[in-house]
Protein chains: 2
Amino acid sequence: MVSIKDVARDAGVSPQTVSNCINNPDIVKPATRELVAASIKRLKYTPNASARRLRMQRSNTIAIGIAPTSRSQVYDRLLHALVTEADARNIRVTLYKTDSHQDEIRQFAALSAQGDVDAFILTDTAHGDPRINWLNEHRQTFVLFGRPWGLDDMYDPSVPWVDVDGRHGIADMAQYLILHGRKHIGFIGWPGLSGTGNDRRMGWQDVMLGARMATEDELDTLSDTAEDEIFSAQIACTRLLERRPDIDAIICVSDTIATGARLALAAGSGDDGIAVSGFDDTATAESMGLNSIAQPLTESARELMRIIQERLDAGPDLQNGVDDCHVLLPPKIIIR
Amino acid sequence: MVSIKDVARDAGVSPQTVSNCINNPDIVKPATRELVAASIKRLKYTPNASARRLRMQRSNTIAIGIAPTSRSQVYDRLLHALVTEADARNIRVTLYKTDSHQDEIRQFAALSAQGDVDAFILTDTAHGDPRINWLNEHRQTFVLFGRPWGLDDMYDPSVPWVDVDGRHGIADMAQYLILHGRKHIGFIGWPGLSGTGNDRRMGWQDVMLGARMATEDELDTLSDTAEDEIFSAQIACTRLLERRPDIDAIICVSDTIATGARLALAAGSGDDGIAVSGFDDTATAESMGLNSIAQPLTESARELMRIIQERLDAGPDLQNGVDDCHVLLPPKIIIR
DNA sequence: CTGTTAGCGCATTCAT
DNA sequence: ATGAATGCGCTAACAG
């Protein structure tokens with residue numbers, strides 16, 4: 001294990017100069033800088049992370065939870081985007097398990113007390129989420145991926161978030177379909193009052209009413225709901241078409257539901273020409289030739305990291321509100 | 001930030017005694033031990049991980065890669081199992097990106113040089129994998145999840161692995177189906193020569209021949225292949241049934257393919273009574289009511305961690321072969 | 001059984 | 001512009 005001292009000896013300078021060459025290159029004479037650089041390269045020196053962390057009192061590490069059973073089809077991709085963005089900033093990403101909110105808070109406590117982590121990224125936040133309170137009370141840096149739908153003030157600067165504008169994405173898709181001659185566009189959403197699901201339905205509704213493709217009353221007959229699984233979606237789609245045989249396009253709240261819809265259609269009249277679109281641009285959507293809406297995960301990861309870094313650099317003084325800490329990103333419609 | 005000194009002062013002992021209470025409780029008098037324990041609790045002391053890591057020259061952290069687009073449906077669950085098992089051993093799990101083998105090796109180099117990580121877990125290893133050579137040459141501890149199919153000697157002690165016995169699982173499923181009166185069991189696999197895919201097909205073949213449910217020649221007409229997507233699987237299934245209308249059960253190499261098969265059957269004759277089984281016991285399989293084969297991910301994670309820890313504890317001296325470092329775990333058939 | 005000393009590798013004072 | 005000292009928090013080796 002080669003340390004800063006070895007480099008210093010090799011280059012004939014003091015350890016501090018080597019340190020400066022790495023962290024503050026400007027204040028060292030170019031000649032010595034190159035000398036040191038050569039030694040670093042020759043000895044394959046890399047600063048020891050633990051020592052640096054101990055000295056700096058900062059872990060350069062963020063944490064994100066992993067649930068027993070992943071809810072999202074895009075979680076892998078989010079993780080990859082996050083790791084990529086973190087890597088570019090020389091930050092590590094560690095996982096912690098989230099078996100329950102209670103368990104997750106235990107993890108917060110352990111990871112922050114041990115100085116293992118500088119910040120947390122939370123997903124699937126719900127109304128009255130105890131995690132948010134805990135983190136704020138313990139002055140831990142964090143960002144949500146996904147809006148905190150139930151919160152009184154969604155733009156509270158003490159609860160930063162990054163999210164994808166599903167409503168906008170669905171609206172874009174509806175616009176596109178209308179532009180390409182579709183007249184009767186149905187919608188299959190999730191049952192219940194999911195913030196995300198409701199937001200996406202609004203996108204469809206916005207366009208249908210705005211373009212006068214449907215009246216308020218008609219919206220109910222033009223839409224249906226299904227659990228997020230293929231089978232349930234098939235049934236919903238069949239039901240929808242029985243009610244409205246004039247439908248020439250169906251927008252679905254997820255790729256899974258879109259898959260079910262497409263299969264219901266195929267089982268029915270064969271080549272029906274009905275356009276089906278989903279959400280998340282998963283491998284399934286691609287292989288089934290479905291339209292879909294792609295979340296900008298790379299940009300999301302970039303924004304998440306930006307907010308975290310700004311908050312960390314701002315120090316523990318509550319510099320809230322100075323940064324742009326509520327970011328809504330537009331997704332991209334994928335036409336196949 | 002409360003340190004070991006604060007606890008020592010509070011308890012009226014030396015820092016070393018506090019350290020002993022935590023790491024070597026046996027050598028400290030019970031009375032003082034409780035005294036210290038009380039102080040620790042009162043001050044909410046937690047040892048600083050970076051300091052300990054620096055002192056111990058060990059990171060207590062393992063790394064696992066995350067690919068841009070996840071190949072496996074069970075990766076999330078593997079990660080969760082791994083984090084859970086690591087957590088129990090007070091070990092952290094960090095992610096690194098694996099855009100290519102070359103990139104992955106760069107990550108190995110960076111993470112190990114910085115002392116960020118003690119060991120790596122590799123997935124999707126293929127013949128002549130350069131990563132394995134690099135890790136062995138640089139004396140890095142690692143374990144594969146999944147057998148290194150192409151390797152000359154799969155039981156080389158310098159290449160430890162943990163894997164799930166897909167052949168065995170598929171064979172169990174075939175046995176079960178025969179036991180329940182199925183006579184003509186088809187198989188849909190992946191095209192090409194995937195080690196995993198071929199292994200699973202062997203499980204089916206073993207039982208079919210062993211139970212004299214098919215002759216060697218028949219195996220080809222009883223099986224087909226499809227890419228790992230619903231659409232391709234539908235076509236393969238249809239083709240298979242045209243060739244062999246007598247089939248009363250289909251075993252598929254994955255849940256995705258099983259889904260396609262089930263849909264092809266539904267589109268055909270309605271309630272056909274044909275049993276369809278997949279692999280991985282994903283949410284899709286459950287929602288479609290498919291039989292499936294569940295990988296023992298918790299046990300896999302446990303074995304992976306065991307091997308890593310044994311190797312780390314053995315020190316850098318090549319203690320290879322002393323531990324049981326090639327583990328094949330039986331999966332569980334799920335009947336619905 | 002407990003306290004003292006020392007050092008893991010680094011970066012931030014302060015001198016020069 | 002560079003070097004010498006100091007300490008981040010912890011534990012291993014010794015001394016008592």
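- As recorded in an unreviewed UniProt entry, chain A goes by the name LacI family transcriptional regulator, listed as coming from Bifidobacterium scardovii.

1. Notes on the protein's contact with DNA strand D
No. 1: Near DNA strand D there are 24 residues, and of these A:Ser14, A:Thr17, A:Arg55, B:Ile4 and B:Tyr45 occur at the shortest range.
No. 2: Considering DNA strand D, the proportion of its atoms within 4 Å of the protein that are sugar or phosphate atoms stands at 66%.
No. 3: Measuring from a phosphate oxygen of DNA strand D, one finds a backbone N or O atom of A:Lys29 at 2.8 Å.
No. 4: Contacts to DNA strand D include A:Thr32, whose side-chain N or O atom sits 2.8 Å from a phosphate oxygen.
No. 5: Of all the secondary-structure elements, those providing two or more residues to the surface near DNA strand D are helix H2 (15-23) and helix H4 (49-56) of chain A together with helix H2 (15-23) and helix H4 (49-56) of chain B.
No. 6: Considering each element in turn, the surface near DNA strand D owes the most residues, four residues, to H4(B).
No. 7: Here the surface near DNA strand D is composed, by residue class, of ten nonpolar, ten polar and four charged.

2. Side note on the UniProt feature "domain: HTH lacI-type" (unreviewed entry) in chain A
No. 1: If you check UniProt for "domain: HTH lacI-type" (unreviewed entry), the listed places come out as residues 2-56 of chain A in our numbering.
No. 2: Along residues 2-56 of chain A one finds 71% helix and 0% strand; the C-alpha atoms at either end are 20 Å apart.

3. Focus on empty space enclosed by the protein
No. 1: In the structure shown here, the tally under the stated rule is two cavities of 30 Å³ or more.
No. 2: The calculated volume of the largest cavity comes to roughly 110 Å³.
No. 3: Forming the walls of the largest cavity are A:Arg53, A:Ser59, A:Thr61, A:Arg92, A:Thr94, A:Asp116, B:Arg53, B:Ser59, B:Thr61, B:Arg92, B:Thr94 and B:Asp116.
No. 4: Elements that contribute at least two residues to the lining of the largest cavity include exactly strand S2 (92-97) of chain A together with strand S2 (92-97) of chain B.
No. 5: Broken down by class, the residue content of the lining of the largest cavity amounts to no nonpolar, six polar and six charged.
No. 6: Size it by volume and the second largest cavity reaches roughly 50 Å³.
No. 7: Lining the second largest cavity we find A:Ile66, A:Ala67, A:Ser70, A:Arg71, A:Ser72, A:Tyr75 and A:Asp124.

4. Points about the domain arrangement of chain A
Residue and element names in this part refer to chain A.
No. 1: Its domain assignment divides chain A into domain 1 (4-56), domain 2 (61-165 + 298-330) and domain 3 (166-294).
No. 2: The interface of domain 2 with domain 3 comprises seven residues on the first partner and eleven residues on the second.
No. 3: Around 750 Å² of area is buried between domain 2 and domain 3 when both sides are counted, 45% of it from carbon and sulfur atoms.
No. 4: Applying the counting rule to domain 2 against domain 3 returns one salt bridge.
No. 5: Where Arg 147 meets Asp 199, a salt bridge forms, and the shortest distance between an N and an O atom there is 3.4 Å.
No. 6: For the pair domain 2 and domain 3, the interface holds seven residue pairs in polar contact (both at pLDDT 80 or more).

5. Considering the protein's contact with DNA strand C
No. 1: Surveying the vicinity of DNA strand C reveals 23 residues, the closest of which are A:Ile4, A:Tyr45, A:Arg52, B:Thr32 and B:Arg55.
No. 2: When the atoms of DNA strand C within 4 Å of the protein are grouped by moiety, sugar and phosphate amount to 74% of the total.
No. 3: Within the backbone of A:Asn48, a nitrogen or oxygen atom sits 2.9 Å from a phosphate oxygen of DNA strand C.
No. 4: Breaking the surface near DNA strand C down by element, the ones donating at least two residues are H2 and H4 of chain A together with H2 and H4 of chain B.
No. 5: A breakdown of the residues in the surface near DNA strand C according to their chemical character gives nine nonpolar, ten polar and four charged.

6. Quick look at the sheet that holds strand S1 (residues 61-66) of chain A
No. 1: Judged by pairing direction, the sheet is mixed, and its twelve strands sit side by side in the order S11(A)-S5(A)-S4(A)-S3(A)-S1(A)-S2(A)-S2(B)-S1(B)-S3(B)-S4(B)-S5(B)-S11(B) without closing on themselves. At either margin of the open sheet sits one strand with a lone partner, and together these are strand S11 (326-329) of chain A together with strand S11 (326-329) of chain B. Strand-to-strand twist across the sheet, computed as the mean angle between neighbouring axes with direction ignored, equals 25°.
No. 2: Pairing analysis gives five bridges linking strand S3 (residues 119-123) of chain A to strand S4 (residues 141-145) of chain A, with the strands arranged parallel. Bridging across to S4(A), A:Ile121 finds its partner in A:Val143.
No. 3: In the packing of helix H5 (residues 75-88) of chain A onto the sheet, the strands contacted are S1, S2, S3 and S4 of chain A together with strand S1 (61-66) and S2 of chain B, and the crossing angle to S2(B) comes to about 85°.

7. Points about helix H5 (residues 75-88) of chain B
Residues and elements named next belong to chain B.
No. 1: Relative to the 20 Å expected for 14 residues at 1.5 Å per residue, H5 spans 20 Å between its end C-alpha atoms, a close match to the ideal helical length.
No. 2: Burial runs high along H5: ten of the 14 residues are buried.
No. 3: Regarding H5, the residues found buried are Tyr 75, Asp 76, Leu 78, Leu 79, His 80, Ala 81, Leu 82, Val 83, Glu 85 and Ala 86.
No. 4: In the stretch just after H5, Asn 90 is the one whose phi turns positive, near 60°.

8. A word on the packing of helix H1 (residues 4-11) of chain A against H2(A)
The geometry of a pair of packed helices is captured by two quantities: the angle between their axes and the separation between those axes.
Residues and elements named next belong to chain A.
No. 1: Running from N to C, H1 and H2 cross one another at 105°; their axes reach a closest spacing of 8 Å. If you check the angle between H1 and H2, you find them roughly perpendicular. Between H1 and H2, the contacting residues are Ile 4, Lys 5, Val 7 and Ala 8 on the first element and Pro 15, Val 18 and Ser 19 on the second.
No. 2: In terms of residue class, the contact of H1 with H2 is made up of five nonpolar, one polar and one charged.

9. Remarks on the side chain of A:Arg244
Residues and elements named next belong to chain A.
No. 1: Along the chain, the position of Arg 244 falls in the loop between helix H11 (230-243) and strand S8 (249-252).
No. 2: In this structure the side chain of Arg 244 is engaged in a polar contact, spanning 2.9 Å, whose partner is the side chain of Asp 246.
No. 3: With residues up to four places along the chain from it excluded, the contact list for Arg 244 reads His 184, Glu 218, Thr 221 and Leu 222.

10. Structural notes on the packing of H5(A) against helix H14 (residues 297-313) of chain A
Residue and element names in this part refer to chain A.
No. 1: For the pair H5 and H14, interaxial distance at closest approach is 8 Å and the crossing angle is 50°. Overall, the two elements H5 and H14 adopt an arrangement that is oblique. In this structure, H5 meets H14 at a crossing whose hand is right-handed. Of H14, the residues touching H5 (which contributes Arg 77, Leu 78, Ala 81, Leu 82, Glu 85 and Ala 86) are Leu 297, Thr 298, Ala 301, Arg 302, Leu 304 and Met 305.
No. 2: Residue classes in the contact of H5 with H14 are distributed as eight nonpolar, one polar and three charged.

11. Some points on the environment of B:Ala31
No. 1: When you line up the elements, B:Ala31 lands in helix H3 (residues 30-43).
No. 2: Sequence spacing of B:Ala31 and B:Gly197 is 166 residues, and the spatial spacing of their C-alpha atoms is 61 Å.

12. Some words on the sheet that holds strand S8 (residues 249-252) of chain B
Residues and elements named next belong to chain B.
No. 1: Spatial ordering of the open sheet is given by S7-S6-S8-S9, a layout of four strands whose pairing is parallel. Each having just a single partner strand, strand S7 (223-225) and strand S9 (275-277) make up the two edges of the open sheet. For this sheet, the mean angle separating the axes of adjacent strands, direction not counted, is 15°.
No. 2: Across four bridges, strand S6 (residues 185-189) lies against S8 in parallel orientation.

13. Quick word on the interface of chain B and chain A
No. 1: Listed per partner, the contact involves 44 residues of chain B and 44 residues of chain A.
No. 2: Among the residues of chain B in contact with chain A, B:Asp76, B:His80 and B:Gln114 are the three that bury the most area, contributing 15% of the side total.
No. 3: Run the count over chain B and chain A and you get four salt bridges.
No. 4: Here A:Asp116 ties to B:Arg53 by a salt bridge, and the two come within 2.5 Å at their closest N and O atoms.
No. 5: In this assembly, chain B and chain A are joined by 13 residue pairs in polar contact (both at pLDDT 80 or more).
No. 6: Residue assignment for the side of chain B that touches chain A shows that the elements contributing at least two residues are H4, H5, S2, helix H6 (101-113), helix H11 (230-243), helix H12 (255-269) and helix H13 (283-287) of chain B.
No. 7: If you tally residues by element for the side of chain B that touches chain A, the top one is H5(B), at eight residues.
No. 8: Considered class by class, the residues forming the side of chain B that touches chain A number 20 nonpolar, 15 polar and nine charged.

Conventions adopted
- Residues numbered from 1 in each chain as written.
- Chains lettered and ligands numbered in written order.
- Predicted model: local features only at pLDDT ≥ 70, side-chain atom pairs only at ≥ 80, totals over all residues.
- Heavy atoms only, no water.
- Near = heavy atom within 4 Å.
- Polar contact = N/O pair within 3.5 Å; in protein donor to acceptor, adjacent residues only side chain to side chain.
- Helix = DSSP H or I, 4+ residues; strand = E, 2+ residues; numbered from the N terminus.
- Nonpolar A, V, L, I, M, F, W, Y, C, P; charged D, E, K, R; others polar.
- UniProt positions renumbered as here; feature names shortened; annotations may be inferred.
- 1 Å grid on protein atoms, 1.4 Å probe; cavity = no way out; pocket = protein on both sides within 12 Å on 5 of 7 lines; lining within 4 Å.
- Points joined across faces, edges and corners; volume = space filled by probe spheres on them.
- Domains from an automatic or database assignment.
- Contact = heavy atoms within 4.5 Å.
- Buried area = accessible area lost by both parts, 1.4 Å probe.
- Salt bridge = Lys/Arg side-chain N within 4 Å of Asp/Glu carboxyl O.
- Pairing = 2+ DSSP bridges.
- Axes fitted to C-alpha atoms, helices over the stretch in contact; angles between N-to-C directions.
- Expected span 1.5 Å × (residues − 1).
- Buried < 20%, exposed > 50% of the residue type's maximum accessible area, 1.4 Å probe, protein only.
- Parallel < 35°, antiparallel > 145°, perpendicular 65-115°, else oblique.
- Left-handed = near helix turned anticlockwise from the far one by under 90°.

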